[in-house]
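Residues per chain are reported as follows:
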Amino acid sequence: MNDSATHHAHSPLSRALLRLLKPLVKLLLRHGVPFAAFAELAKRAYVDVARRDFALPGRKQTDSRIATITGLTRKEVARLKAMPATSADPALLERYHRAGRVVYGWVHDAAYASPTGEAAALSFDGEAPSFTTLAKRYSGDMPPRAILDELLRVGVVELRADGKLWLTARAYIPHASEAEKLRILGQDAAGLLRTIDRNIHEDASPRFFQRKVYYDNLPAEALPVLQSLLNDRGQALLEFIDQWMAAHDRDVNPQVTGTGRKAAGIGLYYFEDDGKIEET
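Residues numbered from 1 in each chain as written. Predicted model: local features only at pLDDT ≥ 70, side-chain atom pairs only at ≥ 80, totals over all residues. Heavy atoms only, no water.

J.: Explain the packing of helix α3 (residues 35–53) against helix α5 (residues 74–81) to me, and be specific about the residues and the numbers.
T.: It is the contact of α3 with α5, at a shortest axis distance of 10 Å, that shows an interaxial angle of 85°. Overall, the two elements α3 and α5 adopt an arrangement that is roughly perpendicular. For the pair α3 and α5, contact is made by Glu40, Lys43, Arg44, Val47 and Arg51 and by Glu76, Val77, Arg79, Leu80 and Lys81, respectively. (Axes fitted to C-alpha atoms, helices over the stretch in contact; angles between N-to-C directions. Helix = DSSP H or I, 4+ residues; strand = E, 2+ residues; numbered from the N terminus. Parallel < 35°, antiparallel > 145°, perpendicular 65-115°, else oblique. Contact = heavy atoms within 4.5 Å.)

So this is what it looks like as structure tokens:
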């Protein structure tokens, strides 16, 4: 190993990267992904990021420059650039967004509330308030039956003996397939890493919110209580933020004015380990 490689191996970034990669490698091995497949994906990510984010101002990003900054050969760069582009599954994202909006409306729209202020039991169709009018108001042109089928599938809505539809949860939490869960993993983990990268390197103010609380000598009996506390308080916080964001989202409220089109989100997550800080 040359001096440069030795320096990189012991740099703070390399140590942090190793800690980050270990849970990722655990997931990859669990799903039978060998190193060669991961290395190919890593090469592709290097080329994609170099093309998009590291071009010189006012100059076309050439294969030679991409090869220089990534360490790949120009032949590899050309091969990887020729591969079909990858993107998030639009049908999956659309279903999540639209179903979530319908649940939001059912919880927060007074027109669909019972006299006690809770989400009202609804007939599927007919005049408002009905599920059909709710879905048309909050899901755009998505067929109400498709939205209902999804909410029934994940257990957020229940069809009772009286023929009424009852909301059984205040949030849309899909019981996704394994493939869907892996797509969500990619979205959520990528969002966290983009926030970390911005907070470390970009000369931007204010910094994006990034906080963590961590204690390493908790009794095992405290963890179920902690999880329950997070489920209650975290859900309440996310519902509050969700209500504010929905009020400012032009898909939900077309009358909202402003410029540009931005996507933003907030995530909370729980983790635990054996209390030992891993050394790399």
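On we go.
J.: An account of the packing of aromatic side chains is requested, with residue identities and associated values reported.
T.: By the definition in use, this model includes five aromatic pairs. A ring pair is formed by Tyr269 and Phe271, whose centres lie 6.0 Å apart and whose planes are at 35°; its orientation type is tilted. On the basis of relative accessible area, Phe271 is assigned to the partly exposed category, the value being 33%. Among the aromatic residues, those joined into a cluster by ring pairs are Trp106, Phe124 and Phe131. Its end group placed over the ring of Phe124, Arg145 keeps NZ or CZ at 4.4 Å from the ring centre. The ring of Phe208 carries the charged tip of Arg198 above its face, separated from the ring centre by 3.8 Å. (Phe/Tyr/Trp six-rings, centres within 6.5 Å; stacked < 30°, edge-to-face > 60°. Buried < 20%, exposed > 50% of the residue type's maximum accessible area, 1.4 Å probe, protein only. Lys NZ or Arg CZ within 6 Å of the ring centre and 35° of its normal.)

J.: Tell me about the pattern of salt bridges, residues and numbers included.
T.: Applying the stated rule across the entire model yields ten salt bridges. Of the charged contacts in the structure, one is a salt bridge between Glu76 and Lys43, with a shortest N-O distance of 2.9 Å. Taken together, the residues Glu76 in helix α5 and Lys43 in helix α3 connect sequence positions 33 residues apart. Among the ionic pairs, Glu150 bridges to Arg153, the shortest N-O distance being 3.1 Å. With Glu150 and Arg153 both in helix α8 (residues 144–153) and three residues apart, the pair spans about one turn of that helix. Since its relative accessible area comes to 43%, Arg153 is described here as partly exposed. Where salt bridges share partners, they join Arg101, Asp251 and Arg261 into one cluster. (Salt bridge = Lys/Arg side-chain N within 4 Å of Asp/Glu carboxyl O.)

J.: Please set out a negative patch on the surface residue by residue, giving values where relevant.
T.: Taken together, Asp216, Glu272, Asp273 and Asp274 make up a surface patch of like negative charges. Turning to its location among the elements, Asp216 is positioned in the loop between α9 (178–201) and α10 (222–247). We classify Asp216 as partly exposed; its relative accessible area is 44%. (Patch = residues over 30% accessible without salt bridge, like charges linked within 9 Å, V, L, I, M, F, W, Y side chains within 5 Å. Areas by Shrake-Rupley, 256 points an atom, 1.4 Å probe, with all protein chains shown as cover. Lys, Arg positive; Asp, Glu negative; His and termini not counted. Charge placed at Lys NZ, Arg CZ, Asp CG, Glu CD.)

J.: Lay out the packing of helix α7 (residues 131–138) against α8 in plain terms, naming residues and giving numbers.
T.: Each packed pair of helices is defined by two parameters, the angle between the axes and the distance between the axes. Where α7 meets α8, the closest approach of the two axes is 9 Å, and the angle between their N-to-C directions is 100°. In terms of axis orientation, α7 runs roughly perpendicular to α8. Contacts from Phe131, Thr132, Ala135 and Lys136 in α7 reach Pro144, Ile147, Leu148 and Leu151 in α8. Here the residues of the contact of α7 with α8 sort into six nonpolar, one polar and one charged. (Nonpolar A, V, L, I, M, F, W, Y, C, P; charged D, E, K, R; others polar.)

J.: Any details on the confidence of the model for the protein? Residues and values, ideally.
T.: With 86% of its residues at a pLDDT of 70 or more, the protein shows a mean pLDDT of 83. At the level of individual helices and strands, the protein shows its lowest average pLDDT in helix α1 (residues 3–9), which scores 56, and its highest in helix α4 (residues 63–70), which scores 94. (pLDDT = per-residue confidence, 0-100.)

J.: Any details on a nonpolar patch on the surface? Residues and values, ideally.
T.: On the surface, a nonpolar cluster with roughly 550 Å² of combined accessible area is contributed by Val213, Tyr215, Leu218, Leu226 and Leu229. Of note, Leu218 is situated in the loop between α9 and α10.

J.: I'd like a rundown of the environment of Val49, residues and numbers included.
T.: Summarising the element assignment, Val49 is placed in helix α3. Of the residues examined, Val49 reaches a relative accessible area of 32% and is grouped as partly exposed. For the pair Val49 and Thr70, spaced 21 residues apart in sequence, the C-alpha separation works out to 9.6 Å.

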